[in-house]
Amino acid sequence: SPLAHETTRIEELIKQNLQEKQAARHLMLVCTGEMEVAMDIVQLAATKQNATVKVMVGSSFKADQTANHSFSLLKRIILCMEQGVVLVLKDLDSIYGSLFDMLNMSYMTVGDRLHCRIALGHADSLACVHEDFRCIVLADARKLADMDAAFLNRFEKHRVDISDITDGSTMQLSRDLLKRCVLASKPRSQAADA
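Residues numbered from 1 in each chain as written. Predicted model: local features only at pLDDT ≥ 70, side-chain atom pairs only at ≥ 80, totals over all residues. Heavy atoms only, no water.

Re unusual backbone geometry
Where we set the bar: A run of DSSP states H or I qualifies as a helix once it reaches four residues; a run of E qualifies as a strand once it reaches two. Both are numbered from the N-terminal end. Residue exposure (1.4 Å probe, protein chains only): buried if accessible area is under 20% of the type maximum, exposed if over 50%, otherwise partly exposed.
At Asp-91, a residue that is not glycine, the phi angle is positive and equals roughly 55 degrees. Here Asp-91 lies in the loop between strand 3 (86–90) and helix 4 (93–96). Located in the positive-phi region is Met-105, a residue other than glycine, with phi close to 55 degrees. Taking relative accessible area as the criterion, Met-105 reaches 18% and is therefore assigned buried.

Okay, here's the thing in structure tokens:
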């Protein structure tokens, strides 16, 4: 894996956030390209912390827009909170409001354990929060301007780009290869002019 060769700055920032546990806000990774890059970096940083990563991705299927589906997702999130995993959320706009207290890290101590309120429809549930639990939301940089400012302010934010995992020579090689592909796809008369 190209990620295994050297530690990237963004990986180090994610690793620091995971280490700080309850002292740091949850993360939002603002992706300028493919979100898989961010996922790979999160997985690598979490693995170095011996943390388990669970990923939940929203969809636009009609069946996934129901209250029952949202309730099911929230139950899975509560389980992740109790288990202390690194939970990565993407495109789950329909349930972020239910996670207000969790995303704000508005935890209360009951006995010797942390808890927070999760809104489940018309009722609230008090969920146990493991000290190792961390939440990372992946956001598309192109949609950032349309997001609610209050939602954005809940997170420690970092930009993630393909250049975060490649060095300058690899990026130059990629640009050269793309240029050659474009030239090769043009008719000979146009390619000679370029």
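Some remarks on the pattern of salt bridges
For clarity, the threshold we go by: Salt bridges are counted wherever a side-chain nitrogen of Lys or Arg sits within 4 Å of a carboxyl oxygen of Asp or Glu.
The final tally for this structure, using the stated rule, is 6 salt bridges. A salt bridge links Glu-11 to Lys-48; its shortest N-O distance comes to 2.9 Å. Here Glu-11, found in helix 1 (residues 9–20), pairs with Lys-48, found in helix 2 (residues 35–48); they are 37 residues apart in sequence, far enough to count as distant. In this structure Glu-11 comes out as buried when scored by relative accessible area, which is 2%. For Lys-48, a relative accessible area of 44% corresponds to the partly exposed category. It is possible to trace a salt-bridge network through shared partners that takes in Asp-101, Arg-117 and Asp-124.

Brief notes about the packing of helix 1 against helix 2
For clarity, the threshold we go by: Axis definition: a line fitted to C-alpha atoms, limited for helices to the stretch in contact. Angles are taken between N-to-C directions and run from 0 to 180 degrees. With respect to orientation, any angle under 35 degrees is reported as roughly parallel, any angle over 145 as roughly antiparallel, any angle of 65 to 115 as roughly perpendicular, and every other angle as oblique. Each helix crossing is assigned a hand: it is left-handed if the near helix lies turned anticlockwise from the far helix by less than a right angle, otherwise right-handed if that turn is clockwise. Whether two residues are in contact is decided by their heavy atoms, any of which lying within 4.5 Å being enough. Ten residues, namely Ala, Val, Leu, Ile, Met, Phe, Trp, Tyr, Cys and Pro, are considered nonpolar, four, namely Asp, Glu, Lys and Arg, are considered charged, and the remaining ones, Gly among them, are considered polar.
Contact pair helix 1 / helix 2: the axes reach a minimum separation of 9 Å and the direction vectors enclose 50 degrees. In terms of orientation, helix 1 and helix 2 fall into the oblique class. Of the two elements, helix 1 crosses helix 2, and the hand of that crossing is right-handed. Listed contacts from helix 2 to Ile-10, Glu-11, Ile-14, Lys-15 and Leu-18 of helix 1 are Ile-41, Val-42, Leu-44, Ala-45, Ala-46 and Lys-48. Residues belonging to the contact of helix 1 with helix 2 are distributed by class as follows: 8 nonpolar, no polar and 3 charged.

A word on the environment of Phe-151
Within the secondary structure, Phe-151 is located in helix 6 (residues 149–152). For the pair Phe-151 and Asn-104, spaced 47 residues apart in sequence, the C-alpha to C-alpha distance is 9.1 Å. When near neighbours in sequence (up to four residues on either side) are disregarded, Phe-151 contacts Met-28, Tyr-96, Leu-103 and Val-137.

Re the environment of Gln-22
Spelled out, the test is: In protein, a polar contact means a hydrogen-donor-capable atom and an acceptor-capable atom, both N or O and within 3.5 Å, with residues adjacent in sequence counting only if both atoms are side-chain atoms; elsewhere, any N or O pair within 3.5 Å suffices.
Relative to the helices and strands, Gln-22 is located in the loop between helix 1 and strand 1 (27–31). Overall, the relative accessible area of 27% leaves Gln-22 in the partly exposed class. In the structure, Gln-22 is positioned 111 residues away from Phe-133 in sequence and 8.3 Å away in space, judged by C-alpha atoms. A polar atom in the side chain of Gln-22 sits 3.0 Å from the backbone oxygen of Glu-131.

Details of the sheet that holds strand 8 (residues 156–160)
For clarity, the cut-off: One requirement defines pairing of two strands: DSSP has to find at least two bridges between them.
Spatially, 5 strands are ordered 2-3-7-1-8 in an open sheet, and the strand pairing comes out parallel. Two strands lie at the open edges of the sheet, namely strand 2 (53–57) and strand 8, each paired on one side alone. Taking each pair of neighbouring strands and ignoring which way they run, the sheet shows an average axis angle of 20 degrees. Pairing analysis gives 5 bridges linking strand 3 to strand 7 (residues 134–140), with the strands arranged parallel.

Focus on helix 1
What counts here: In this scheme, a helix's expected span is set at 1.5 Å multiplied by one less than its residue total.
Spanning 12 residues, helix 1 covers 17 Å between terminal C-alpha atoms, matching the ideal 16 Å at 1.5 Å per step. The complete set of buried residues in helix 1 reads Ile-10, Glu-11, Leu-13, Ile-14, Lys-15, Asn-17 and Leu-18. Of the surrounding elements, those touching the buried residues of helix 1 are strand 1, helix 2, strand 3, strand 7 and strand 8.

Points about the side chain of Arg-134
Just so we agree on the cut-off: A residue counts as positive if it is Lys or Arg and as negative if it is Asp or Glu; His and the chain ends are not included.
You can see Arg-134 is positioned in strand 7. Comment: no salt bridge for buried Arg-134; closest opposite-charge side chain is Glu-156, at 5.9 Å. Every residue in contact with Arg-134, bar those within four places of it in the chain, is listed here: Asn-17, Leu-18, Lys-21, Ala-24, Arg-25, His-26, Val-85, Val-86, Leu-87 and Met-105.

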